[in-house]
Amino acid sequence: MVTNATPEQTVPEEKKEALQVKLLEEVNDNPDEVKFDLRKFNKTENQVLKAKAALSTIQTISGKEDVTVTLDIIKKAKQVTKVIEDKRKALGEPFREIVEKINAKAKEIISNLPTDIKRAEDVVLAYNEAEEEKRVKLVREARGAQLETLGLVKTDAGYSYKESINIAMARLDSDDKTWAGIVTYLTDQINDFNIKEAAKKQKEAEADNFFGEELPSAPPVQVVEAPKPVKHVSSFGGSSSAVKGVTKRWTFSIEDPALIPREYLIPDEAKIREEMNKGNRTIPGVKYEQKESLTSR
């Protein structure tokens, strides 16, 4: 256990090495073994409180004398900040090299794992993708059979009923609820179409037999019934669900930055500041101005 280190203390190289080994051995068993006595900051913390109290007295400036007093308070407050920063760096220095070695060793140990994990994940995802393709194929075949039961014929673009009622192939990939609605709608549309076709033929027959002794009988109306619903899509392929642990999430990649709307573009302020400091203060859309700042040393 490392405790009570001071800015003046140094850790010999052989002890650093031994401590590094000990920390690596105990990284899992004793994660809280390396400690530090924060009471070493007590004195500086009191100075901060005093500095805050002094700064709180500054409300208005009445004259040059107030400016002098205020600048002196600000100067001392900054000195307190610097002392704490210096102490922090001094106290942490003995541990910095050890931490760097620990980090390097840990990275070295696990360096190959991410690649192997990614490869194994890709194998699972490839299997899941193949299974999904099988499932989609079975769903499309089952739904296509439903449409053929209604009298639709498969075309390059999808399915069609007597070239009057059409459904795009992509609609076969709808969710179960949407698909059920599509089948009901198509059933109604086909029956309505057949009724109108039968009435049209009846009128044509009556016109052809205008002077006939007997009126032609009305042609029968072809009525279709909605086919039975197919099984739930997740049951296709003999699997009740997708591979456990596989989820879908939206991702994106930039294909053409020129097409991205302005509200999704962020100005490169670091680059603008760099150019400004070099003397280039003519970038369109940027306002340049000088502002006063207080320097106290």
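Here we summarise the structure given alongside this text.

How each quantity is defined
- Residues numbered from 1 in each chain as written.
- Predicted model: local features only at pLDDT ≥ 70, side-chain atom pairs only at ≥ 80, totals over all residues.
- Heavy atoms only, no water.
- Helix = DSSP H or I, 4+ residues; strand = E, 2+ residues; numbered from the N terminus.
- Buried < 20%, exposed > 50% of the residue type's maximum accessible area, 1.4 Å probe, protein only.
- Contact = heavy atoms within 4.5 Å.
- Salt bridge = Lys/Arg side-chain N within 4 Å of Asp/Glu carboxyl O.
- Pairing = 2+ DSSP bridges.
- Core = buried A, V, L, I, M, F, W, Y, C linked by side-chain atoms within 4.5 Å.
- Phe/Tyr/Trp six-rings, centres within 6.5 Å; stacked < 30°, edge-to-face > 60°.

1. Some thoughts on unusual backbone geometry
One can expect most non-glycine residues to show negative phi and most peptide bonds to be in trans. Here the phi dihedral of Lys 162 falls at roughly 50 degrees; this positive angle occurs in a residue that is not glycine. Here Lys 162 shows up in the loop between strand S2 (158–161) and strand S3 (165–168). The phi angle at Glu 163 is positive, at roughly 60 degrees, despite the residue not being glycine. Classification of Glu 163 by relative accessible area gives exposed; the value is 75%.

2. So, the environment of Glu 275
Of note, Glu 275 is situated in helix H6 (residues 269–278). Residue classification places Glu 275 among the buried residues on the basis of a relative accessible area of 18%. For Glu 275, the contacting residues outside a window of four places in its chain are Asn 280 and Ile 283.

3. Things to note about the pattern of salt bridges
One pass over the structure, following the stated rule, counts 14 salt bridges. Among the ionic pairs, Arg 88 bridges to Glu 85, the shortest N-O distance being 2.9 Å. A residue pair is termed a helical-turn pair when its members lie 3 or 4 positions apart in one helix, as Arg 88 and Glu 85 do in helix H3 (residues 64–110) at three residues. The class for Glu 85 is partly exposed, based on a relative accessible area of 34%. In this structure, Lys 278 engages Glu 274 in a salt bridge whose closest nitrogen and oxygen atoms are separated by 3.3 Å.

4. Notes on the pairing of S2
Remark: a regular strand shows side chains that alternate across the two faces of the sheet. Here strand S1 (residues 153–154) pairs with S2 via two bridges, running antiparallel. In the sheet register, Lys 154 faces S2, and the bridge partner there is Tyr 159. Between S1 and S2, which pair antiparallel one after the other, the connecting turn spans three residues. The sheet contact formed by S2 and S3 spans four bridges and is antiparallel. Opposite Tyr 161, over in S3, you have Ile 165 as the bridge partner.

5. Some points on the nonpolar core
The nonpolar side chains of soluble globular proteins are, as a tendency, buried together. Residues Leu 147, Leu 152, Ile 167, Trp 179, Leu 186 and Ile 190 are the most contacted members of the largest nonpolar core, which totals 15 residues. For this core, the secondary-structure elements that each account for two or more residues are S2, S3 and helix H5 (176–208). The dominant element in this core, judged by the number of residues it contributes, is H5, at six residues. Not counting residues up to four positions away in its chain, the partners in contact with Leu 147 are Leu 152, Tyr 159, Ile 167, Leu 172, Trp 179 and Leu 186.

6. Considerations on the sheet that holds S3
What the three strands build is an open sheet, ordered S1-S2-S3; its pairing is antiparallel. Whereas interior strands pair on both sides, the edge strands pair on one side only; in this sheet they are S1 and S3.

7. Describing the packing of aromatic side chains
Counted under the stated rule, the structure contains one aromatic pair. Ring centres 5.8 Å apart and planes at 85 degrees place the aromatic pair Tyr 161 and Phe 193 in the edge-to-face group. Taken together, the residues span a long stretch of sequence, with Tyr 161 in strand S2 and Phe 193 in helix H5 at a distance of 32 residues. Exposure remark for Tyr 161: the relative accessible area of 2% places this residue in the buried category. On the basis of relative accessible area, Phe 193 is assigned to the buried category, the value being 17%.

8. Considerations on the pairing of S3
Here S3 shows a clear split, with Ile 165 and Ile 167 buried on one side and none of Asn 166 and Ala 168 buried on the other. Connecting S2 to the antiparallel partner S3 that follows it, the hairpin turn spans three residues, and Lys 162 within it adopts a positive phi of roughly 50 degrees.

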